[in-house]
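Tertiary structure, described
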Amino acid sequence: MANNNIPIIIVFSFLFLVAFAGFLSKKFEAAKIDSLAEWSLAGKRFGAFIVWFLLGGDIYTAYTLLAVPGLAYNSGAFAFFAVSYVIMEYPILFLTIPRLWNVSKKYNFITAGDYVEKVFDSKFLGAVVALVGIFAELPYIGLQIFGMRYMLSLTGLKPDIAIAVSLMIVILFTIFSGIRAAAVTSFIKDFFIWGMVLFLIIFIPIHYFGGFGEMFSWLNKNQPSKSLIPSGGMVTFGTLAFGSAGALFLYPHSINGAYTSKSADAIRKNAVFMPLYNIMLIFITVLGFAALYVVPGIKNSNMAVPMMLYKTFGPYITAFFGGIIILGSMVPASIMALSSANLFTKNIYQNLINRDISDRSQEIMSKIAVGFIIALALYLSIMINPLLIIKLQLIGGMIILQLFPLIFLPLFTNRVSKIPAAISVSGGLFTVFYLLHIVDWNIIYKKIYIGLWGIFTEIFLLLVFTFLFKPVENISLDDYLDA
Amino acid sequence: MRTYKRYHPVTWLILLIPIAVLSFGIKYYNDNRLIFGISAMVWFFILMDVITVILTYAAYLIEKKNIKNIKELKSKHG
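Just so it is clear, the structure is predicted and the values come from calculations on it, not from any experiment. (Residues numbered from 1 in each chain as written. Chains lettered and ligands numbered in written order. Predicted model: local features only at pLDDT ≥ 70, side-chain atom pairs only at ≥ 80, totals over all residues.)

Examining the overall build of chain A
Summing up its helical and strand segments, chain A has 19 helices and two strands in all. Taking 2.2 N^0.38 as the reference for a compact globule, 483 residues should give roughly 23 Å; the C-alpha atoms of chain A span a radius of gyration of 22 Å, in line with that estimate. Relative to all contacts within chain A whose residues are 6 or more apart in sequence, the contacts with residues 24 or more apart total 85%. (Helix = DSSP H or I, 4+ residues; strand = E, 2+ residues; numbered from the N terminus. Rg over C-alpha atoms; globule rule 2.2 N^0.38 Å. Contact = placed C-beta atoms within 7 Å.)

Following this line, the structure appears as structure tokens:
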């Protein structure tokens, strides 16, 4: 829409800022040796403060900044399910991930697949975790690319060129600096995103409505169906929120972010203070309501906030906000690609193809895989309809939730062994795909989130089969405690 | 001194409160009345964020004590 070079300069300034910080970050908490653990987990030396930003970079992605207000624009208060699930997720983080961190520290695990392989003594189950994790991450990275595309379409810049440049920067700084790049750029991302959201949540309601009260009064009066969760949608709202909360810390990128922590205590501190970050998500959701007034009738609801920004501020400021959103895409894309690459190297290549691969070769293999995974996500985002990518991401969330008996359950009991766990996960995955097929790839069956139907199946199968087999004894409950 | 290899029962209880309230209390917070100019539902989510911080911090303190007790027991019994 803008037809001069200033928006292009603004967007590229952000890209170079990120590139500069990403490459410089190699010196941050610098590695003592070259290894996969140093490159991808920073040697597990990050304190609570850095992990807070890293997890924030993981969870509050650029796509979140566009999709959640987009959902509010389209479906009204139902969009608050995203706020609800992120609040629920932190108690789950507190209960599970510090225990996973302790056992991973003790046995030098790099991925969740390593843990599953050890606890069940099964390379196959480790590979299942890797395959499901990579399948779930690919469309997630694809969505980050969509986030970039939506914003760039308003800057007058050819989206494909800017996306190619930004992804090339992500690939290069991830290969060069590993997780440190994501950690350092997370600081920059949060500085700008918090600034942007706080400015918009104050400016937009005052500018268009005269204040918050007037904005909500307008919503109640003119869009009453969107100011409340529909009475028939409450079960869907609750199950979708609960299921999504359960899934989030089963994603490889969330686990990878938490693994960088220097102690289980640092993760607990994050579980305590991360809900404060979530207040930003409430503000972002409310912006979707404002967009209903400012830019009514938009078909692609993900464009609601970008269009509102363009209408309000014109091309230059929109390009500035666009640069911030692109920044917010690059950080999670880096962590997602890195965690998927580790799963491939450790739990597919090393487990199934070359058991004797050296630590140095693992690092090289993961670096190559980062480039390959981002390129594949870019290919998907170009070749596949955006609606299909969104659907694939939702399916990814459902199937990653089915890993619960493999990753979360053994943290608390050694009663479940390999065969019952494998049967229950197979049953859960089968249920998810069968119900998806029945409801024509919708995510709800009989008002309940399909991911939870899979969990119901898993619990039933675990109750039937668990006591027919001996408990596993590879990891004792003491290994989950703080050293 | 009683210790727990999983979590203290109170930890479980207080951490399940936000999950239960958010999952099952929807009809109570599905409210668009304005309170100080902001939708009641928005206030509710802000409040739940703050309550979750407080409850998780309480759980953090309980578990810190539990971990300390476990370490003391371990050092006593070698």
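As for the interface of chain B and chain A
Contacts between the two partners involve 32 residues from chain B, matched on the other side by 38 residues from chain A. Of all elements in the fold, only helix 1 (9-24), helix 2 (26-29), strand 2 (38-39) and helix 3 (40-76) of chain B reach the threshold of two or more residues within the side of chain B that touches chain A. When residues of the side of chain B that touches chain A are assigned to their parent elements, the largest contribution, 15 residues, is made by helix 3 of chain B. A class-by-class count of the residues in the side of chain B that touches chain A yields 20 nonpolar, seven polar and five charged. (Nonpolar A, V, L, I, M, F, W, Y, C, P; charged D, E, K, R; others polar.)

A short note on the packing of helix 4 (residues 62-75) of chain A against helix 7 (residues 123-152) of chain A
All names here are of chain A. Relative orientation of the contacting elements helix 4 and helix 7 amounts to 70 degrees, with a least axis distance of 8 Å. By the angle between their axes, helix 4 is roughly perpendicular relative to helix 7. Between helix 4, through A62, Y63 and L66, and helix 7, the contact on the second element is made entirely by L143, Q144, F146, G147 and Y150. The residue makeup of the contact of helix 4 with helix 7, split by class, is six nonpolar, two polar and no charged. (Axes fitted to C-alpha atoms, helices over the stretch in contact; angles between N-to-C directions. Parallel < 35°, antiparallel > 145°, perpendicular 65-115°, else oblique.)

Quick look at the environment of W52 of chain A
Residue and element names in this part refer to chain A. Within the secondary structure, W52 is located in helix 3 (residues 48-59). Taking the C-beta count within 10 Å as the criterion, W52 has 20 such neighbours and is therefore assigned buried. Dropping the residues within four chain positions of it, W52 is found in contact with N270, F273 and M274. (Buried ≥ 20, exposed ≤ 12 C-beta atoms within 10 Å, placed from the backbone.)

Concerning the confidence of the model for chain B
Residues of chain B with pLDDT of at least 70 account for 99%, and the chain-wide mean is 92. Under the prediction, the complex receives an ipTM of 0.96, its pTM being 0.93. (pLDDT = per-residue confidence, 0-100.)

Quick look at the environment of A183 of chain A
Residues and elements named next belong to chain A. Residue position: A183 is located in helix 9 (residues 179-209). Sequence spacing of A183 and L55 is 128 residues, and the spatial spacing of their C-alpha atoms is 9.1 Å. Aside from chain neighbours lying at most four places away, what touches A183 is S25, F28, A42, F46, I50, F53 and L54.

Some details on unusual backbone geometry
Residues and elements named next belong to chain A. Although it is not a glycine, K44 adopts a positive phi angle of roughly 55 degrees. Mapped onto the secondary structure, K44 falls in the loop between helix 2 (36-41) and helix 3. With a phi close to 50 degrees, K446 is a non-glycine residue in the positive phi region. With respect to the helices and strands, K446 occurs in the loop between strand 1 (444-445) and strand 2 (448-449).

Concerning helix 7 of chain A
Within an α-helix, residues lying three or four positions from one another point in the same direction, as the helix has 3.6 residues per turn. Its 30 residues place the ends of helix 7 of chain A 43 Å apart at the C-alpha level, agreeing with the 44 Å of an ideal helix rising 1.5 Å per residue. By the criterion of burial, helix 7 of chain A is predominantly enclosed, with 24 of the 30 residues buried. (Expected span 1.5 Å × (residues − 1).)

Points about helix 4 of chain A
Residue and element names in this part refer to chain A. Counted at 1.5 Å a residue, the expected span for helix 4 with its 14 residues is 20 Å, and the 20 Å between its end C-alpha atoms agrees. In terms of burial, helix 4 is a largely internal element, twelve of the 14 residues being buried. The complete set of buried residues in helix 4 reads A62, Y63, T64, L65, L66, A67, V68, P69, G70, L71, A72 and Y73. On its buried face, helix 4 sits against helix 5 (80-107), helix 7, helix 13 (264-294) and helix 14 (304-353). With its phi angle positive at about 65 degrees, G76 sits one or two positions after the end of helix 4.

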